[in-house]
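Secondary and tertiary structure notes
Spelled out from the first residue to the last, the chains are:
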Amino acid sequence: AAPVQGGAKTVAAPIPGVILSLSVREGDTVTNGQELLILEAMKMNNAIRASRDGTIARIHVGPGDHVKHGQPLMEFSD
């Protein structure tokens, strides 16, 4: 899946689905294109990747959570 833009600091769900797994934790430093989580939608696993370099400040979802299109998944601190 392509990098997701939810705002300068927010990673938002590009499609509705279920969170299968998280690849990062709060406080982790990530690079542009790094996998953040796996979102299952229509029986397909979609890797949600960072749209920029930064540090993950907050994670709003966990495995098993159902998310809607545009719902904030995590936020960068900077």
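We now turn to the structure provided with this report. Throughout, a residue's number is its position along its own chain's written sequence, starting from 1. Where totals are concerned, whole chains, interfaces and linings use all residues; where local detail is concerned, this predicted model gives features only for residues with pLDDT of at least 70, and gives and counts side-chain atom pairs only at 80 or more. The side-chain quantities take in all heavy atoms of the structure and omit both hydrogens and water.

**Some remarks on the overall build of the protein chain**
A run of H or I in DSSP becomes a helix once it reaches four residues, and a run of E becomes a strand once it reaches two; helices and strands are each numbered from the N terminus. The helix and strand tally for the protein chain stands at 0 helices and 8 strands. For the protein chain, the succession of helices and strands along the chain, N to C, is β-β-β-β-β-β-β-β. Within the protein chain, contacts between residues at least 6 apart in sequence are counted, and of these 55% link residues at least 24 apart. Whether two residues are in contact is decided by their heavy atoms: any pair within 4.5 Å suffices.

**Re the sheet that holds strand β6 (residues 54-59)**
Strand order across the open sheet formed by 4 strands is β1-β8-β6-β3, with antiparallel pairing between neighbours. Edge positions in the sheet fall to β1 (10-12) and β3 (29-30), since each has one partner strand and no second. Strands pair, by our definition, only if DSSP identifies at least two bridges between them. Two strands pair when backbone bridges link them, and β1 and strand β8 (residues 72-76) are joined in this way by 3 bridges, in the antiparallel orientation. Looking at the pairing, Ala12 lines up with Pro72 of β8.

**Looking at the environment of Leu20**
By the element assignment, Leu20 lies in strand β2 (residues 17-22). Using a relative accessible area of 36% as the deciding quantity, one classes Leu20 as partly exposed. For the pair Leu20 and His66, spaced 46 residues apart in sequence, the C-alpha to C-alpha distance is 9.7 Å. For Leu20, the residues in contact, after removing those within four places along its chain, are Ile38, Glu40, Asn45 and Pro63. Note on classification: 1.4 Å probe, protein chains only; a residue is buried when its accessible area is under 20% of the maximum for its type, exposed when over 50%, partly exposed between these limits.

**Description of the sheet that holds strand β4 (residues 35-41)**
Here 4 strands make up an open sheet; going across it, the order is β5-β4-β2-β7 and the pairing antiparallel. This sheet does not close on itself; its edge strands, each paired only once, are β5 (44-49) and β7 (66-67). Judged from the 4 bridges that link them, β2 and β4 form a sheet pairing that is antiparallel. Looking at the pairing, Ile19 lines up with Leu39 of β4.

**Examining the nonpolar core**
With 17 residues, the main nonpolar core has Leu36, Leu37, Ile56, Leu73 and Met74 as its most contacted residues. For this core, the secondary structure elements donating two or more residues are β4, β6 and β8. Among residues more than four places away in sequence, those in contact with Ile56 are Val24, Arg25, Glu26, Gly27, Asp28, Val30, Leu36, Met74, Glu75 and Phe76. Working definition of a nonpolar core: buried Ala, Val, Leu, Ile, Met, Phe, Trp, Tyr and Cys residues. They are joined through side-chain atoms within 4.5 Å.

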